[in-house]
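Overview (structure and organization)
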Amino acid sequence: MSKTVLIVGTRKGCFLLESDDRRDWKLRGPFCDGWPVYHAIHDRESGAIYAAAASEWHGSSVWRSADLGETWEQSSEGLSFGDGEGALKLSKISGLTAHDGRLFAGAENPGIFESRDGGRTWSLRSTLDDVPDREKWNDPANQPPGHLGVPAILPHPDDPARYWAIIQGVGIFETTDDGGSWTPRNTGLRADWPLENPEIGYCVHKLVMSPVDHDRLYQQNHVGMHRSDDMGLTWTEISEGLPTEFGFAAGAHPHDRDTFYVIPLDPGHARCMPDGAAAVWRTRDAGSSWERLASGLPQQNAHIGVLREGMAVDTHDEPGVYFGTSTGQLFASADEGASWTEIASYLPAIASVEVAIVD
């Protein structure tokens, strides 16, 4: 019998929640010795769990569990830009991606590392040197708040040499030659600030691909929700009908290319759900219209936020949807968002939520 496992990265370690029916959940953790975990993922090919962690005392490392959290090991071997004069400093691994036998890690000072041995050793894959204005990215005056560098890498399911990288505050870039060269993919995006170069300077928060149509991409941007029907070559804004144009987290339906979930937030300094009322918003028509999903979610004094990796959607016939908050609450829906239950209430601040179905 299969079970559903939530992998939750928090500011004080990684936690696992397991359920046979997506209604009763068992919590385990914290793992990773309580290190701050920025992103935790499940590799469907190997069954391993990986957690990107960064400690002010010990630096950056990637934790690995091959047995669903029973035992853990960590390694930072090769996670370095080098020691030469002017070398970049690695202080944070912001995002992880597992695909086709490889593990990618996005670094705070923009760079991509890869491991081909399950996270035991690492090598620098790319620092995206051919991207316009690359030399300005690591100027502290130009770094956005929270400085994540490369928070996400999205692989093409059928072409190991093709993937997209988000550079925080700069935009989306695509490689078709395994990181040898990069092309901006920001045509049609909007920026509410001056741009020196119209190809770059866009604040993309979350990028996802439809599992059933690989031409269909969605993104949650600093200024709007957007859809692409040509693998990111061009973008169309689909924000109309949402309460705000700002947010971080988003998720795609596993069986329907036109269904997509997003969590709008107040774009001001608070960056919480509008009016203190929690809700997830869903489109079933690729962004032509949106519906508010709030049954079971707190509707008063719920000043909660959700970060860019804080939402996940499972692959059951009737998909479950999950999100974790920056104040430690974890919510689950077993009916595509129609109703919600709080399944954990007092976790540390949640940075990421991923879901896996395992035997």
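Refer to the structure presented above.
As a starting point, this report considers the structure included with it. (Residues numbered from 1 in each chain as written. Predicted model: local features only at pLDDT ≥ 70, side-chain atom pairs only at ≥ 80, totals over all residues. Heavy atoms only, no water.)

**Quick notes on the pairing of strand β18 (residues 224-228)**
Put simply, the rule reads: Any residue under 20% of the maximum accessible area for its type is buried, any over 50% is exposed, and the rest in between are partly exposed; the area is computed with a 1.4 Å probe on protein chains only. A helix here means a DSSP run of H or I that spans at least four residues, while a strand means a run of E at least two residues long, and both kinds are numbered starting from the N terminus. Strand pairing is defined by DSSP finding a minimum of two bridges between the two strands.
Here β18 lies mainly inside the structure; five of its five residues are buried. Burial along β18 is two-sided: G224, H226 and S228 facing one way and M225 and R227 facing the other are all buried. Where strand β17 (residues 213-221) and β18 come together, five bridges link them in antiparallel fashion. Its bridge partner being in β18, Y218 is matched across the sheet by R227. Between β17 and β18, which follow one another and run antiparallel, lie two residues. Relative to strand β19 (residues 236-237), β18 runs antiparallel, the two being bridged by two bridges. Looking across to β19, one finds that H226 is bridged to E237.

**A look at the sheet that holds strand β6 (residues 59-65)**
Put simply, the rule is: Only the contacting stretch of a helix is used when fitting its axis, a line to C-alpha atoms as for every element, and angles between N-to-C directions run 0 to 180 degrees.
Reading across from one edge, β4-β5-β6-β7 is the order of the four strands in this open sheet, with antiparallel pairing throughout. The open sheet has two edge strands, β4 (37-42) and β7 (73-75), and neither has a second partner. Each strand axis lies, on average, 25 degrees off the axis of its neighbour in the sheet, ignoring direction. As paired strands, strand β5 (residues 49-55) and β6 are joined by seven bridges and run antiparallel to one another. Bridged to S55 within β6 is G59.

**Quick look at the nonpolar core**
Short version of the rule: Working definition of a nonpolar core: buried Ala, Val, Leu, Ile, Met, Phe, Trp, Tyr and Cys residues. They are joined through side-chain atoms within 4.5 Å. Should any heavy atoms of two residues lie within 4.5 Å, those residues are counted as being in contact.
Y261, I263, M273, V280, M311, F323 and W340 are the most contacted members of the largest nonpolar core, which has 20 residues in total. Residue contacts for F323: discarding those within four places in its chain leaves I263, M273, V280, L297, V306, G310, M311, Q329, L330, F331, W340 and V353. In terms of nonpolar packing, the next biggest core, distinct from the first, is built from 17 residues, V5, L16, A40 and W72 among them.

**Some details on the sheet that holds strand β9 (residues 102-107)**
Strand order in the open sheet formed by four strands is β8-β9-β10-β11, and the pairing between neighbours is antiparallel. With partners counted over all chains shown, the strands left at the sheet margins are β8 (93-99) and β11 (123-126), one partner each. Averaged over all pairs of adjacent strands, the angle between their axes in this sheet comes to 30 degrees, without regard to strand direction. Of the pairings in the sheet, the one linking strand β10 (residues 111-115) to β11 comprises three bridges and is antiparallel in character. For E114, the partnering residue across the bridge sits in β11 and is S123.

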